[in-house]
Amino acid sequence: MSTSLDDERVRGWLDGRLPQEWFEGSPEVTLDRDEILIVGTIAAPEQAGDVSPAARSAAEEGRIKQFREDTRERRIEIAQELEHATRRKVAWGVRCGETRTVFTSLSAPVMTRLRQPERQVLDTLVDAGVARSRSDALGWCVKLVAQHSDTWLKDLRDAMAKVEDVRRAGPDAQK
């Protein structure tokens, strides 16, 4: 779990380190114990008149590809510095108009033990062609739970942050 202090330090470091011309405002930064994901917003391309959704999407994808290529070396340099400081992998992404693209992202193996009823759920998803493997099916289930439990997960994360604040203010807190 990352703490709010970790979040603040990383966000502050990025505010000072990232070139100001890269993003509109501060980037969205998501941390967990393995990875830091940085997603910045870039200006959408200007298009004359009414354009189709397909043309708009293609223009946004083109702008994202241009940004990715133009900033590659600097992003690698910044990521290496941040990885060294935090011992976490760094992933990058961009939002342009209605398009959000993550360039690279860590895929971490997770070991779990499941009883037969849970394995049957995964096997049903595989047999139905929803997933290629039990691993894919488990990832699909986690995404589905996250999608339908946003409010509950946010409340849980907020409560965990409050516990961390109380711990930091405790009698053993370093001043």
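In short, a report on the structure. What you see is a predicted model; the values in this text were computed from it and never measured.

Analysis parameters
Positions within a chain are numbered from 1, following the residues in the order the chain's sequence is written. The model is predicted, so local features are restricted to residues of pLDDT at least 70 and side-chain atom pairs to those at 80 or more, both for listing and for counting; the totals for chains, interfaces and linings are taken over all residues. The side-chain figures draw on all heavy atoms in the structure; neither hydrogens nor water molecules are used. Burial classes follow relative accessibility: with a 1.4 Å probe on protein chains only, a residue under 20% of its type's maximum area counts as buried, one over 50% as exposed, and anything between as partly exposed. Strands here are runs of E lasting at least two residues and helices are runs of H or I lasting at least four, both read from the DSSP assignment and numbered beginning at the N terminus. Strands are labelled as partners when DSSP assigns at least two bridges between them. The working definition used for a salt bridge is a side-chain nitrogen of Lys or Arg within 4 Å of a carboxyl oxygen of Asp or Glu.

Burial analysis of strand β2 (residues 35-42) places seven of its eight residues in the buried class, which makes it a mostly covered element. Bridge analysis of strand β1 (residues 28-31) against β2 gives four bridges, and the strand direction is antiparallel. Its bridge partner lying in β2, Val 29 is registered against Ile 38. Hairpin connection of β1 to β2: three residues between the antiparallel strands.

As enumerated under the stated definition, the model contains 14 salt bridges in all. Where Arg 17 meets Glu 77, a salt bridge forms, and the shortest distance between an N and an O atom there is 2.9 Å. Of this pair, Arg 17 sits in helix α1 (residues 4-17) while Glu 77 sits in helix α2 (residues 53-86), placing them 60 residues apart in sequence. Glu 77 gets classed as partly exposed once you look at its relative accessible area, which sits at 37%. When the shortest N-O distance is used, the salt bridge between Glu 164 and Arg 168 registers 4.0 Å. Taken together, the positions of Glu 164 and Arg 168, both in helix α5 (residues 150-168) and four residues apart, correspond to about one turn of that helix. On the basis of relative accessible area, Glu 164 is assigned to the buried category, the value being 14%.

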